[in-house]
Amino acid sequence: MTAEEYDMFIKCSQCRHQKGDHDTAAKDDKKKCLIGNCKCKTFVPDRKYHKK
């Protein structure tokens with residue numbers, strides 16, 4: 001698994017869904033969650049998994 005593929009499994013700290021479940025084609029501040037009726041509007045990486 002490449003680093004880019006692994007990056008899609010990082011969870012959002014707001015809604016706990018994975019990055020791949022968010023609109024990855026949108027700008028960073030507009031990556032809304034695509035799961036059901038989730039209200040999350042932006043993807044915020046969970047700091048536990050986020051690499052610096």
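Note that the structure is a prediction, hence the values are computed from the model and not measured. (Residues numbered from 1 in each chain as written. Predicted model: local features only at pLDDT ≥ 70, side-chain atom pairs only at ≥ 80, totals over all residues. Heavy atoms only, no water.)

Draft legend 1. Fine view of the environment of Asp7. Looking at the secondary structure, you find Asp7 in helix α1 (residues 3-7). Put simply, Asp7 and Asp21 are 14 residues apart on the chain and 12 Å apart in space, counted from C-alpha to C-alpha. (Helix = DSSP H or I, 4+ residues; strand = E, 2+ residues; numbered from the N terminus.)

Draft legend 2. Structural view of the pattern of salt bridges. All told, the structure shown has 2 salt bridges when counted by the stated rule. Note that Arg16 is salt-bridged to Asp46, the shortest N-O span being 2.7 Å. On the criterion of sequence distance, the pair formed by Arg16 in the segment after α1 and Asp46 in the segment after α1 is long-range, its members being 30 residues apart. Accessibility expressed as a relative area gives 12% for Asp46, which makes it buried. (Salt bridge = Lys/Arg side-chain N within 4 Å of Asp/Glu carboxyl O. Buried < 20%, exposed > 50% of the residue type's maximum accessible area, 1.4 Å probe, protein only.)

Draft legend 3. Structural detail: a nonpolar patch on the surface. Taken together, the side chains of Met1, Tyr6, Met8 and Phe9 make up a nonpolar region of the molecular surface, amounting to roughly 440 Å² of accessible area. Mapped onto the secondary structure, Met1 falls in the segment before α1. (Patch = residues over 30% accessible without salt bridge, like charges linked within 9 Å, V, L, I, M, F, W, Y side chains within 5 Å. Areas by Shrake-Rupley, 256 points an atom, 1.4 Å probe, with all protein chains shown as cover.)

Draft legend 4. Just the environment of Cys40, in detail. Along the chain, Cys40 falls in the segment after α1. Along the chain, Cys40 and Gln14 lie 26 residues apart, while their C-alpha atoms are 6.8 Å from each other. Setting aside its immediate chain neighbours within four residues, Cys40 contacts Cys12, Gln14, Cys15, His22, Lys32 and Cys33. (Contact = heavy atoms within 4.5 Å.)

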